[in-house]
Amino acid sequence: MSELPAGVERHTFDGTDRLATRGEPVYGEPTDGEWRAWNPNRSKLGAMLELEMDTGVTGGETALYLGAASGTTVSHVADFAGPTYAVEFAARPARDLLDAAESRPRLFPLLKDARTPETYAHVVESDVDVIVQDVATRGQARVALENRRFLADDGRLLLAVKARSEDVTREPAAVFADVREELSEGYEILETERLEAYHADHLGIVARPR
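Because the structure is a prediction, the values reported are computed rather than measured. (Residues numbered from 1 in each chain as written. Predicted model: local features only at pLDDT ≥ 70, side-chain atom pairs only at ≥ 80, totals over all residues. Heavy atoms only, no water.)

**Q** Could you give an account of the environment of Asp32, with specific residues and numbers?
**A** Residue placement: Asp32 occurs in strand β3 (residues 31-32). For the pair Asp32 and Asp113, spaced 81 residues apart in sequence, the C-alpha to C-alpha distance is 35 Å. Setting aside anything within four residues of it in sequence, one finds Asp32 in contact with His11, Thr12 and Phe13. (Helix = DSSP H or I, 4+ residues; strand = E, 2+ residues; numbered from the N terminus. Contact = heavy atoms within 4.5 Å.)

Written out as structure tokens, the structure is:
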């Protein structure tokens, strides 16, 4: 069994044992004192932790989150990580992301496009410990490769591949195979697992830089 990062614990909410982090609620999730439930059905990283994938994350890491949207998952990351850079391209969810950051001094929202990391390279520190990627676009492997510049040599990429964003006409398994092959240009893939229990047509990938 893979250990949870420090700052992520299991708590009982409404009689159900669930992952939780300590922080202000963001998306209407149940709370237990300072702790708030982490819903894996709304979070690819939450699903990866529920499935006991070995993310290599222990807590306190510097994180770069690509595809932060309204802050559902990245707010949990900022609860237990160190400085957390949250990249989101769309203005509407970015406004919600700003709200999530108000009570999280370690969370730094960036209204940028994850496909063009040169536009935020002057902000994000080098040698981040972990990149979490959850972007709904074609070329998801290319996004990970372009952002590899920020990752420490011993860092981890935690990638959630959305098959339907790559090509809605192809079988997810074929899409995943292509993504893994392209990703191997710059990463060693350590673990993969389908996230079907929580997210249809998604693959979780743990990798490290080559």
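**Q** If you had to explain unusual backbone geometry to someone new, which residues and values would you point to?
**A** We note that Asp14 has phi near 55°; this positive angle belongs to a residue other than glycine. One can find Asp14 in the loop between β1 (8-13) and β2 (16-22). Located in the positive-phi region is Asp127, a residue other than glycine, with phi close to 60°. Inspection of the secondary structure assignment puts Asp127 in the loop between β7 (107-111) and β8 (128-133).

**Q** Quick rundown of helix α3 (residues 91-102)? Include the residues and the values.
**A** Every α-helix winds through 3.6 residues per turn, so residues three or four apart in the chain are directed the same way. The terminal C-alpha atoms of α3 lie 17 Å apart, and with 12 residues this matches the ideal 16 Å at 1.5 Å per residue to within 8%. Of the surrounding secondary structure, the elements contacted by the buried residues of α3 are α2 (72-80), β6 (84-88) and β7. (Expected span 1.5 Å × (residues − 1).)

**Q** Explain the pattern of salt bridges to me, using residue names and the numbers behind them.
**A** A pair can form between side chains of opposite charge whenever their charged atoms are brought close. Enumeration over the complete set of coordinates arrives at 17 salt bridges. Between Arg92 and Asp96 there is a salt bridge whose closest N-O contact spans 3.3 Å. With Arg92 and Asp96 both in helix α3 and 4 residues apart, the pair spans about one turn of that helix. With a relative accessible area of 30%, Asp96 lands in the partly exposed category. (Salt bridge = Lys/Arg side-chain N within 4 Å of Asp/Glu carboxyl O. Buried < 20%, exposed > 50% of the residue type's maximum accessible area, 1.4 Å probe, protein only.)

**Q** How would you summarise the packing of aromatic side chains if you had to cite specific residues and measurements?
**A** Using the criterion set out here, one finds 3 aromatic pairs in the structure. On the basis of an interplanar angle of 20° and a centroid distance of 5.7 Å, the ring pair of Tyr120 and Phe150 is categorised as stacked. In this pair, Tyr120 is assigned in the loop between β7 and β8 and Phe150 in the loop between α4 (140-146) and β9 (151-162), connecting sequence segments 30 residues apart. Among the residues examined, Tyr120 registers a relative accessible area of 0% and is labelled buried. Judged by its relative accessible area of 3%, Phe150 falls in the buried class. (Phe/Tyr/Trp six-rings, centres within 6.5 Å; stacked < 30°, edge-to-face > 60°.)

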